[in-house]
Amino acid sequence: MRKMANPKIKVVGLKKAFGDLEVLKGIDLEISSGEVVCIIGPSGSGKSTFLRCLNRLEEPTAGEIFVDGESITSNGADVDRVRRHLGMVFQQFNLFPHYTVKQNLMFAPVELKLKTPVEAEKTAIRLLDRVGLGDKVDAKPRELSGGQQQRVAIARALAMEPDIMLFDEPTSALDPEMVSEVLDPEMVSEVLDVMRELAEEGMTMVIVTHEMGFAHDVADRVIFIDDGVIVEQGTPEQVMDHPQSVRTKSFLSKVL
Ligand code: ADP
Ligand code: MG
């Protein structure tokens with residue numbers, strides 16, 4: 001594993017068990033500022049659990065996680081402050097259905113007294129414009145397509161001004177095979193385009209995805225996780241085009 005002078009995120013010996021089930025079996029990882037890391041791997045291999053440990057939605061069983069050199073897993077760590085650094089976007093958009101799009105973005109910054117309502121509204125409008133939803137600020141989530149709702153969810157995470165963004169299969173709920181309603185085939189690509197722009201602007205990103213073409217395009221590094229361990233990592237060319245491990249080869253042969 002490469003060593004970095006000042007990693008943005010450093011994970012040391014991370015383990016997570018649910019009762020007898022050991023899901024993460026010792027993850028060591030350093031991510032540098034501005035790096036885009038895509039995590040691939042079979043269902044049930046621990047990818048979501050890993051992301052959730054990174055912003056302390058799960059408590060690790062063992063190991064430590066540092067952000068900007070500061071432990072976020074020690075007893076004294078301020079979990080709210082940790083989460084402000086790390087924005088998270090889930091497969092399900094989890095928008096507040098009774099709020100307008102704009103209010104969804106304003107809620108947390110105002111509630112946590114990080115911004116006045118006037119400042120929060122300005123930021124909300126700017127961010128919605130940036131994700132291509134400048135004309136939807138007063139719409140309710142149910143009036144939007146899945147792709148539009150996911151872009152709202154990304155803008156909502158950005159409204160907290162995070163310096164790291166975590167994405168857990170952000171397009172899988174938009175997959176035509178997953179949903180019954182009539183779908184706009186553009187939905188997946190419009191979400192991926194927003195993510196691509198964020199990556200180009202230098203955001204540090206950790207993305208769990210099954211969009212192999214996207215991962216190949218945007219990732220500085222691809223990590224293949226299987227059965228709670230990092231099996232293989234490297235550039236997209238190394239891991240996806242020239243995998244070394246039998247397990248990586250087998251996984252890729254099923255998804256590509
Ligand atoms: P992935 O995202 O790679 O599909 P997950 O991290 O969601 O995998 O899950 C890894 C394993 O951990 C699965 O066997 C899953 O059932 C189990 N798991 C995840 N969350 C919990 C939980 N809260 N309680 C018990 N088991 C869990
Ligand atoms: Mg998952």
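Small disclaimer: the values here were computed from a predicted structure and weren't measured. (Residues numbered from 1 in each chain as written. Chains lettered and ligands numbered in written order. Predicted model: local features only at pLDDT ≥ 70, side-chain atom pairs only at ≥ 80, totals over all residues. Heavy atoms only, no water.)

Peer 1: Please explain the packing of aromatic side chains as it appears in this structure.
Peer 2: The geometry of an aromatic ring pair comes down to the distance between the two centres and the angle between the two planes. Under the criterion given, the structure shown has four aromatic pairs. On the numbers, 5.4 Å between centres and 70° between planes, the contact of Phe-96 with Tyr-99 is edge-to-face. Its relative accessible area of 29% is what places Phe-96 among the partly exposed residues. Ring centres 5.2 Å apart and planes at 35° place the aromatic pair Phe-224 and Phe-251 in the tilted group. Taken together, the positions of Phe-224 in strand β9 (residues 221–226) and Phe-251 in helix α9 (residues 246–255) put the pair 27 residues apart, joining distant regions of the chain. Given the relative accessible area of 0%, Phe-224 is considered buried. (Phe/Tyr/Trp six-rings, centres within 6.5 Å; stacked < 30°, edge-to-face > 60°. Buried < 20%, exposed > 50% of the residue type's maximum accessible area, 1.4 Å probe, protein only. Helix = DSSP H or I, 4+ residues; strand = E, 2+ residues; numbered from the N terminus.)

Peer 1: Where do I start with helix α4 (residues 117–130) in this structure?
Peer 2: For the α-helix, the turn length of 3.6 residues means that residues three or four positions removed from each other point alike. Compared with the 20 Å implied by 1.5 Å per residue over 14 residues, the 20 Å span of α4 between its first and last C-alpha is a close match. Those residues of α4 not exposed but buried are Ala-120, Thr-123, Ala-124, Leu-127 and Leu-128. Buried residues in α4, looked at end-on, bunch into an arc of 130°, giving them a common side. Exposed and oriented more than 90 degrees from the buried face of α4 are Val-118, Lys-122 and Asp-129. On the buried face of α4, the contacting elements are α3 (101–111) and α5 (146–158). One or two residues past the end of α4 sits Gly-132, with phi positive at roughly 80°. (Expected span 1.5 Å × (residues − 1). Arc of directions from axis to C-beta. Contact = heavy atoms within 4.5 Å.)

Peer 1: Just checking my understanding: could you explain the sheet that holds strand β3 (residues 36–40) for this structure?
Peer 2: Strand pairing in a sheet takes place through backbone hydrogen bonds and is either antiparallel or parallel in direction. If you walk across this open sheet you meet the six strands as β6-β7-β8-β3-β9-β10, and the pairing is mixed. The two strands at the open ends of the sheet, each matched to only one other strand, are β6 (86–89) and β10 (229–234). Between one strand and the next, the sheet's axes are offset by a mean angle of 20°, whatever the strand orientation. Sheet topology places β3 next to β9; four bridges connect them, and they run parallel. Among the inter-strand pairings, Ile-39 is bridged to a residue of β9, identified as Ile-223. Contacts from α5 reach β6 and β7 (164–168) within the one sheet, and its direction differs from that of β6 by about 170°. (Pairing = 2+ DSSP bridges. Axes fitted to C-alpha atoms, helices over the stretch in contact; angles between N-to-C directions.)

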